[in-house]
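Letter by letter, the chains look like this.
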Amino acid sequence: MHKTKAVPISFALLALAAVGCGGAAVPHDQLVSSQASIRAAEEVGANSNPTAQLHLRFARDQVAKARTLIADDENEEAKLVLQRAQADADLAIAITKEASVRAQAEQALSQVAALRQQIQQR
Amino acid sequence: MKSIKEREMLKRNRFGLASGLLLAAGMIGCGGAAVPRELIDARHAYAEAQASPAASLEPTQLYEARKALNRAESAFNEDDESKEARDLAYIAQRKAQRAQALGGISYATRQLAQAQRDHIAAQDAIQNKTAEKLSTELNKTRQEVELGKRELQTGREQLAVERTARIAAEHRAKEAMSKLAEVASVREVPQRGTVITLSGSVLFATGQSTLLPNAQEKLNQVATALREQSEQSITIEGYTDSVGADDKNQQLSLRRAQAVRDYLVSQGVPAERVQAVGRGEGSPVASNDSPEGRANNRRVEIVVGARGTGSATSDATRAPSGQTAKSGSDAYD
């Protein structure tokens, strides 16, 4: 029980200390948010679309870079890099979805065209 | 629709770009700031998104992209070498591209919905056409059945009319025959038919084949009855007694039968149905020994419905009309 409580306290102390040192706070929220977007992009199938895949790759690379920056206490810059990562991941999601909906629409349109041709032939 | 502020900003950007290019050559040494590649890309991406369906379908997302671009532009204006400006431009470019993609999603989603509605409408149209076709065929078949029914009904009615007419004709024929029975001997003889027997003495003078005036009245009644016997063949058979030569009797009986036939035809009995036959002394109905018996044997029989009567005499049956007996040698007839 003592140990589990001790961990967040020590984190808080460290954070205070970091702020005290003049550096920005670790961008936890942005890290969580960027990672969530990357997972979402993977789930919608961004890896199967070349353009989306490229942006997903950018996002992953930038998250990795941000981790390094955080480790080096470069939190301000890490936050911006994480925002870039999120922008890429969100773009990957949109590109994937757009391609999917476009394909569905095209299929539906061609089906309608075929049906209309059927009507004319009757 | 753009605000004045925005226009000014764009102008400034363009100016910035132009001046950047002009000054680039001379100012590199002076450390003058070129517009970073990220910001150029971001502006392009925004312009593209603005020209896309996103402008009308995803205005909020486009607005967010605009804000991101503005932040990048501000950062660049504050410090043209700042890394933050490049990062913000990078983010702004993605946001613009995302807004455009979201616009594409909206557009395609609408297309898809419209296509689905069209699909249903087209299917309905096909179903309607099929139903229409079937309905037309059904109606045609119904009309054919109705026509068939009417034809059947007409046929039945005609049949009934014909049947009634036939029954009526048969009835009239029977009545005519029974009326005739009141004035002449009418018998039903198996294998021969209805036999009407007329006494020779009533019809002809002795040895003659010319009808007596009184005979005509009787034959008129016979003609009336025969006219009603439609479709029946009629045979007029002449008979004599045994007095006199056979061949003479034969000729006399034929002439008499023909005289009766001619008269009946003149009274409207169809000629093609009536034939005359001479039987001579054959088939006596009584003894030739007594005068009474001989009188009975001298006769003319009219057979109605007779079939297959003596073929031997058939050649002589349709002798020309108006032929009268020339021989007067049958003194005892």
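See the structure shown above.
Residues numbered from 1 in each chain as written. Chains lettered and ligands numbered in written order. Predicted model: local features only at pLDDT ≥ 70, side-chain atom pairs only at ≥ 80, totals over all residues. Heavy atoms only, no water.

> Before we go on, may I ask you to explain the overall build of chain A in this structure?
Across its full length, chain A carries four helices and zero strands. For chain A, the sequential pattern of α-helices and β-strands runs α-α-α-α. In chain A, the proportion of contacts linking residues at least 24 apart, taken out of those at least 6 apart, comes to 67%. On chain A, roughly 7,600 Å² of surface is accessible, and the fraction owed to carbon and sulfur atoms is 57%. (Helix = DSSP H or I, 4+ residues; strand = E, 2+ residues; numbered from the N terminus. Contact = heavy atoms within 4.5 Å. Areas by Shrake-Rupley, 256 points an atom, 1.4 Å probe, with all protein chains shown as cover.)

> Would you mind going over the pairing of strand S5 (residues 299-304) of chain B with me for this structure?
Regular strands show a simple pattern: their side chains alternate between the two faces of the sheet. Residue and element names in this part refer to chain B. Taking burial as the measure, the six residues of S5 include six buried ones, the bulk of the element. Of the two faces of S5, the one lined by Arg299, Glu301 and Val303 and the one lined by Val300, Ile302 and Val304 are each fully buried. Relative to S5, strand S2 (residues 193-199) is paired through six bridges, and the arrangement is antiparallel. Paired with Ser199 across the strands is Arg299, a residue of S5. Bridge count for strand S3 (residues 234-239) against S5 is six bridges, and the pairing is antiparallel. Along S5, the bridge assignment pairs Glu237 with Glu301. (Buried < 20%, exposed > 50% of the residue type's maximum accessible area, 1.4 Å probe, protein only. Pairing = 2+ DSSP bridges.)

> Mind showing me how you'd approach the environment of B:Pro36 here?
All names here are of chain B. The topology assignment puts Pro36 in the loop between helix H1 (4-27) and helix H2 (37-51). Separated by 40 residues in the primary sequence, Pro36 and Phe76 place their C-alpha atoms 8.8 Å from one another. Setting aside residues no more than four positions away along its own chain, Pro36 makes contact with Phe76 and Arg86.

> Can you help me understand the packing of helix H2 (residues 28-43) of chain A against helix H3 (residues 50-71) of chain A in this one?
Helix packing geometry: the angle between the two helix axes and the distance between the axes. All names here are of chain A. With their axes 10 Å apart at the nearest point, H2 and H3 run at an angle of 155° to one another. One way to sum up the angle between H2 and H3 is to call them roughly antiparallel. In this structure, H2 crosses over H3, and the sense of that crossing is left-handed. Mapping the contact onto sequence places Leu31, Ser34, Gln35, Ile38, Ala41 and Glu42 in H2 and Leu56, Ala59, Arg60, Val63 and Arg67 in H3. Counted by class, the contact of H2 with H3 contains six nonpolar, two polar and three charged residues. (Axes fitted to C-alpha atoms, helices over the stretch in contact; angles between N-to-C directions. Parallel < 35°, antiparallel > 145°, perpendicular 65-115°, else oblique. Left-handed = near helix turned anticlockwise from the far one by under 90°. Nonpolar A, V, L, I, M, F, W, Y, C, P; charged D, E, K, R; others polar.)

> What am I meant to see in a negative patch on the surface here?
Together, A:Glu76, B:Glu78, B:Asp79, B:Asp80, B:Glu81 and B:Glu84 give the surface a local cluster of negative charge. Looking at the element boundaries, B:Glu84 is found in helix H5 (residues 83-181). With relative accessibility at 43%, the residue B:Glu84 sits in the partly exposed group. (Patch = residues over 30% accessible without salt bridge, like charges linked within 9 Å, V, L, I, M, F, W, Y side chains within 5 Å. Salt bridge = Lys/Arg side-chain N within 4 Å of Asp/Glu carboxyl O. Lys, Arg positive; Asp, Glu negative; His and termini not counted. Charge placed at Lys NZ, Arg CZ, Asp CG, Glu CD.)

> What exactly am I supposed to notice about the interface of chain B and chain A here?
A common way to report how large an interface is uses the accessible area buried once the components associate. Across the boundary between the two partners, chain B contributes 27 residues, which contact 28 residues of chain A. Taking both partners together, chain B and chain A bury about 2,500 Å²; carbon and sulfur atoms supply 71% of that area. For chain B, the biggest contributors to the area lost against chain A are B:Tyr90, B:Arg94 and B:Ile126; these three give 21% of the whole. Here chain B and chain A share four salt bridges between them. Here chain B is connected to chain A by five residue pairs in polar contact (both at pLDDT 80 or more). Looking at the side of chain B that touches chain A residue by residue, the classes come out as twelve nonpolar, eight polar and seven charged. (Buried area = accessible area lost by both parts, 1.4 Å probe. Polar contact = N/O pair within 3.5 Å; in protein donor to acceptor, adjacent residues only side chain to side chain.)

> Honestly, H2(B) in this entry has me stumped. Any pointers?
Helical geometry note: an α-helix holds 3.6 residues per turn, so side chains three or four residues apart project in the same direction. Residue and element names in this part refer to chain B. An ideal rise of 1.5 Å per residue puts 21 Å on 15 residues; H2 measures up with 21 Å between its terminal C-alpha atoms. Three or more residues of H2 are buried, namely Leu39, Ala42, Arg43, Ala45, Tyr46 and Ala49. Angular distribution of buried residues about the axis of H2 spans 165°; they occupy a single face of the element. Every exposed residue of H2 that faces more than 90 degrees away from the buried side is listed here: Arg37, His44, Glu48 and Ala51. (Expected span 1.5 Å × (residues − 1). Arc of directions from axis to C-beta.)

> When you look at the nonpolar core in this model, what are you seeing that I'm missing?
A general trend in soluble globular proteins is that nonpolar side chains are found buried together. All names here are of chain B. With 28 residues, the main nonpolar core has Leu203, Leu226, Ile236, Val260, Leu264 and Ile302 as its most contacted residues. Counting residues per element, the ones that place at least two in this core are H5, S2, helix H7 (213-228), S3, helix H8 (246-266), strand S4 (274-278) and S5. Examining the composition of this core, we find that six residues originate from one element, H7, more than from any other. Discounting residues that sit within four places of it in the chain, Leu203 has contacts with Leu198, Thr210, Leu211, Leu212, Ala215, Leu219, Val260 and Val300. Core analysis: the second largest hydrophobic core is formed by 22 residues, Ala42, Ala68, Ala75 and Ala96 among them. (Core = buried A, V, L, I, M, F, W, Y, C linked by side-chain atoms within 4.5 Å.)

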